[in-house]
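# Examination of the molecular architecture
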Amino acid sequence: MSIPGLLPELEVIRKDFPILERVLAGGHPLVYLDSANTSQKPQVVIDTMVDHLEHHNANVARAMHQLGAESSEAFEAARDRVAAFIKAPSRDEVIFTKNASEALNLVANTLAWRGDLQVGEGDEVVITEMEHHSNIVPWQLLTERTGATLRWFGLTDDGRLDLSDIDELITERTKVVSLTWVSNMLGTINPVREIADRAHAVGAIVVVDASQAVPQLPVDVVASGADVLVFTGHKVVGPTGIGVLWGRREVLEQLPPFLGGGEMIETVRMERSTYAGIPHKFEAGTPPIVEAVGLGAAVDYLDHVGMEAVHAHEQAITGYALEGLQSVPGLTVMGPLDAASRGGAISFELAGVHPHDVAQVLDSRGIAVRAGHHCAKPAHARFGVQSSTRMSSYLYTTPAEIDALVEGLHHTRSYFKLGS
Amino acid sequence: MDLDALYQEIILDHYKHPHHAGLRDPFEAEVHHVNPTCGDEVTLRVHLDDGVVRDVSYDAVGCSISQASTSVMTDLLIGKDVDEAMTIHQAFLELMQGKGQVEPDEDVLEDGIAFAGVAKFPARVKCALLSWMAWKDATTQTIEKEKA
């Protein structure tokens, strides 16, 4: 089937991902529609990591031998690649963390501590109702600890940010505005730049959770308007255990250190220590070395395919899926219904069947989706539902897989004896 | 994967037509249990009198397995001595944690034996146990209150 926008070499791309050859119980070929949860990994990422462990393994920046030099070089080269991938003005602004959650917690914690950007009583932090729990809870902790106030943008019925009260929400009391670029549940792409400009006009810093955006959109951190932007490696065809925090140099230099330990110091005396400059100031302890190296290979792979092309593919598949899902009686899609204003995650309800049961029946046909609250309980509550089923595509998803999903959903309805 | 082993007719029947649903008075303890991974929730009340489980009432949201399990549990436990109810609870727990290797006793578990297949689906065991854990919690609270 040919749909405009699909990656022209889709079959070649699929061959890069060995797991897509998996045949599951009952002889069903894998239909992997859970990429917003974690993406699959191309052979080049797997090989790069194995090669590093087989031939170059050593600690970084502390080993005075040949392997140490090779390992340090590979690790720092990964930083260069990530910086180029997100168009960071400086490689030093790219900090490796464990994941996006750690990156957000790093920012929310250090903002509570003494420093130029310290958040205190009377200050306000603004988030949105469509955030992943990892962009809600750290800010709740920050505001509870400091006596600041947490406020948030509500959502419209079609799953977009309700910006009608932006002037009441973003005021001279606002110190931080933190929001997701692309919703992991509703798929909505938010007008980050517009909100960032308002936040900057009142002197607030802008934190962007780009966990779902970096996998799907061409990202230019400076153009986005963010002061801090975070994402995780495993959703961009990289490994787990590695996340990225990008921050404008001035902001990162104003924040106090997060974890103390090896690598993040300049010198240590018993009375007091001085700290390394960025990025090492925020990278205490032995970092996830092979994971960083794997992430470097992952973003290289995506660069090679081209993020414009990946985005076009996602939009084509999402449009095709939205159309197919409408054919299932009793199915309601949550979030915007036009593919152009959303990412590749589509959450839906199927009247009469609980999402767990939907996922179970689909799984028996080899179709992997996610069921539950997708770590976005407030967004579900906003739409009066407890949980939903979510399909999410990526650069390797085919229209035939969407057909299998739609057919699987028709089958689910008949399995649970729902009339048409 | 044998879907029919999981979704026995009895389970689907209880899911569509749950028994003893709704919250009722009187009760000695009310608990609220949540499965944090999927968000399934149950609010459950127990009414004990003279060592007998007089009523178990509930308001629950969740999948077919969790809803049917709640319904079957109320059928099994209402009217039983607390000690006997605890024995049934233990038998159901062992069945669910048995990874599909435990042969259920129909005399004890009645419709509950339909859940034997659930034990083979590790991701769904918590669904089946949600309200059973809530019942034990509420019952233990009630007994402790009586003692105090």
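This report concerns the structure included in the present document. Nothing here was measured: the structure is a model prediction, and the numbers come from that model. (Residues numbered from 1 in each chain as written. Chains lettered and ligands numbered in written order. Predicted model: local features only at pLDDT ≥ 70, side-chain atom pairs only at ≥ 80, totals over all residues. Heavy atoms only, no water.)

As a further point, take a negative patch on the surface. A cluster of like negative charges, contributed by D75, D105, E106, D107, E110 and D111 of chain B, occupies part of the molecular surface. Relative to the assigned elements, E106 of chain B resides in helix α5 (residues 106-109). (Patch = residues over 30% accessible without salt bridge, like charges linked within 9 Å, V, L, I, M, F, W, Y side chains within 5 Å. Areas by Shrake-Rupley, 256 points an atom, 1.4 Å probe, with all protein chains shown as cover. Salt bridge = Lys/Arg side-chain N within 4 Å of Asp/Glu carboxyl O. Lys, Arg positive; Asp, Glu negative; His and termini not counted. Charge placed at Lys NZ, Arg CZ, Asp CG, Glu CD. Helix = DSSP H or I, 4+ residues; strand = E, 2+ residues; numbered from the N terminus.)

Residues and elements named next belong to chain A. Closest axis-to-axis distance for the helix α2 (residues 43-56)/helix α3 (residues 66-85) pair is 10 Å, and the angle between their directions is 160°. Between α2 and α3, the angle is such that the two are roughly antiparallel. Regarding α2 and α3, the two cross each other, and that crossing is left-handed. Across from H52, H55 and H56 in α2, the residues of α3 making contact are L67, E70, S71 and A74. Among the residues making up the contact of α2 with α3, the classes are represented as two nonpolar, four polar and one charged. (Axes fitted to C-alpha atoms, helices over the stretch in contact; angles between N-to-C directions. Parallel < 35°, antiparallel > 145°, perpendicular 65-115°, else oblique. Left-handed = near helix turned anticlockwise from the far one by under 90°. Contact = heavy atoms within 4.5 Å. Nonpolar A, V, L, I, M, F, W, Y, C, P; charged D, E, K, R; others polar.)

Here we come to the sheet that holds strand β17 (residues 388-392) of chain A. Residues and elements named next belong to chain A. Judged by pairing direction, the sheet is antiparallel, and its four strands sit side by side in the order β13-β14-β17-β16 without closing on themselves. The strands lining the two open edges of the sheet, one partner per strand, are β13 (331-334) and β16 (370-372). Each neighbouring strand pair of the sheet contributes to a mean axis angle of 30°, computed without reference to strand direction. Across four bridges, the pairing between β13 and strand β14 (residues 345-350) is antiparallel. Pairing of L331 across the sheet is with L350, part of β14. Across the sheet, helix α14 (residues 399-415) lies against β13, β14 and β17, angled at about 15° from β14, the strand it touches most. (Pairing = 2+ DSSP bridges.)

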